[in-house]
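# Structure at a glance
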Amino acid sequence: MANFRSGRVGEQMKKELSQLIQLELKDPRIGFVTVTGVDVTNDLSLARVYLSVMGTEEEKEDTIKALEKASGFLRSEIGKRIRLRHTPELSFKIDASIEYGSRIEKLLDDIRDDRKTT
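Presented here is an overview of the structure given in this document. As the structure is a computational prediction, the values presented were derived from the model and not from experiment. (Residues numbered from 1 in each chain as written. Predicted model: local features only at pLDDT ≥ 70, side-chain atom pairs only at ≥ 80, totals over all residues. Heavy atoms only, no water.)

## Re the overall build of the protein chain
Scanning the protein chain from terminus to terminus reveals four helices and three strands. The C-alpha radius of gyration of the protein chain comes to 18 Å, more than 25% above the 13 Å expected for a compact globule of 118 residues. By its C-alpha atoms, the protein chain is 65 × 40 × 20 Å across when sized along the principal axes. Across the 118 residues that make up the protein chain, the buried fraction comes to 33%. The contacts of the protein chain with a sequence gap of at least 6 include a subset with a gap of at least 24, amounting to 62%. Side-chain charges of the protein chain comprise 21 positive and 21 negative groups, with the mean position of each set lying 7 Å from the other. (Helix = DSSP H or I, 4+ residues; strand = E, 2+ residues; numbered from the N terminus. Rg over C-alpha atoms; globule rule 2.2 N^0.38 Å. Buried < 20%, exposed > 50% of the residue type's maximum accessible area, 1.4 Å probe, protein only. Contact = heavy atoms within 4.5 Å. Lys, Arg positive; Asp, Glu negative; His and termini not counted. Charge placed at Lys NZ, Arg CZ, Asp CG, Glu CD.)

Here it is, written out as structure tokens:
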């Protein structure tokens, strides 16, 4: 039963965090960020936020540092918007699955092009 609740809370947190990061945070270190997922533990004490960040490795690290610095603000805003008794602690992770998928797609396109030319 708790798994369903943590899933619903995770989806709501994903939506709210996306809006907060795009509209409320004014830190110049935060680049183009997409919240790809939020995993919340069953006891709602920790939320792992998976992000896709466009840019170099240095820009990605700067974005993570800026978000970690703003985690108190983000956590309090989520607490107000979702109205949880205990707002989960936020942990930010880079999600490389989108980059990996685009790399695979490029390789497949290259293979198709090679087959057409031969």
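## Thoughts on the nonpolar core
Grouped together as the largest cluster of nonpolar side chains are 26 residues, with contacts concentrated most on Met-13 and Leu-51. Secondary structure elements with two or more residues in this core: helix H1 (2–24), strand S1 (33–40), strand S2 (46–53), helix H2 (57–69), helix H3 (71–82) and strand S3 (89–94). Once you skip the residues sitting within four places of it in the chain, Met-13 turns out to touch Val-38, Val-40, Ala-47, Ile-78, Ile-82, Pro-88 and Leu-90. (Core = buried A, V, L, I, M, F, W, Y, C linked by side-chain atoms within 4.5 Å.)

## A short note on H2
The α-helix winds at 3.6 residues per turn, so residues separated by three or four positions along the chain end up facing the same way. With 13 residues, H2 extends 18 Å between its outermost C-alpha atoms, agreeing within 8% with the 18 Å of an ideal straight helix rising 1.5 Å per residue. Along H2, the residues classified as buried are Lys-60, Thr-63, Ile-64, Ala-66 and Leu-67. Buried residues of H2, viewed axially, fall in a sector of 165°; they line one side. Residues of H2 that are exposed and point over 90 degrees away from its buried face: Glu-57, Glu-58 and Lys-69. (Expected span 1.5 Å × (residues − 1). Arc of directions from axis to C-beta.)

## So, the sheet that holds S2
Strand order in the open sheet made by the three strands is S1-S2-S3, with mixed pairing throughout. Two strands bound the open sheet, and with one partner strand each, they are S1 and S3. Averaged over all adjacent pairs, the angle separating strand axes in this sheet is 25°, with direction ignored. Across seven bridges, the pairing between S1 and S2 is antiparallel. Within S2, the position partnered with Gly-37 by the bridge is Tyr-50. With respect to the sheet, H2 is in contact with S1, S2 and S3, its orientation differing from that of S3 by roughly 175°. (Pairing = 2+ DSSP bridges. Axes fitted to C-alpha atoms, helices over the stretch in contact; angles between N-to-C directions.)

## Observations concerning a nonpolar patch on the surface
On the surface, a cluster of nonpolar side chains totalling about 450 Å² of accessible area is made up of Tyr-100, Ile-104, Leu-107, Leu-108 and Ile-111. Along the chain, Tyr-100 turns up in helix H4 (residues 97–117). Given the relative accessible area of 54%, Tyr-100 is considered exposed. (Patch = residues over 30% accessible without salt bridge, like charges linked within 9 Å, V, L, I, M, F, W, Y side chains within 5 Å. Areas by Shrake-Rupley, 256 points an atom, 1.4 Å probe, with all protein chains shown as cover. Salt bridge = Lys/Arg side-chain N within 4 Å of Asp/Glu carboxyl O.)

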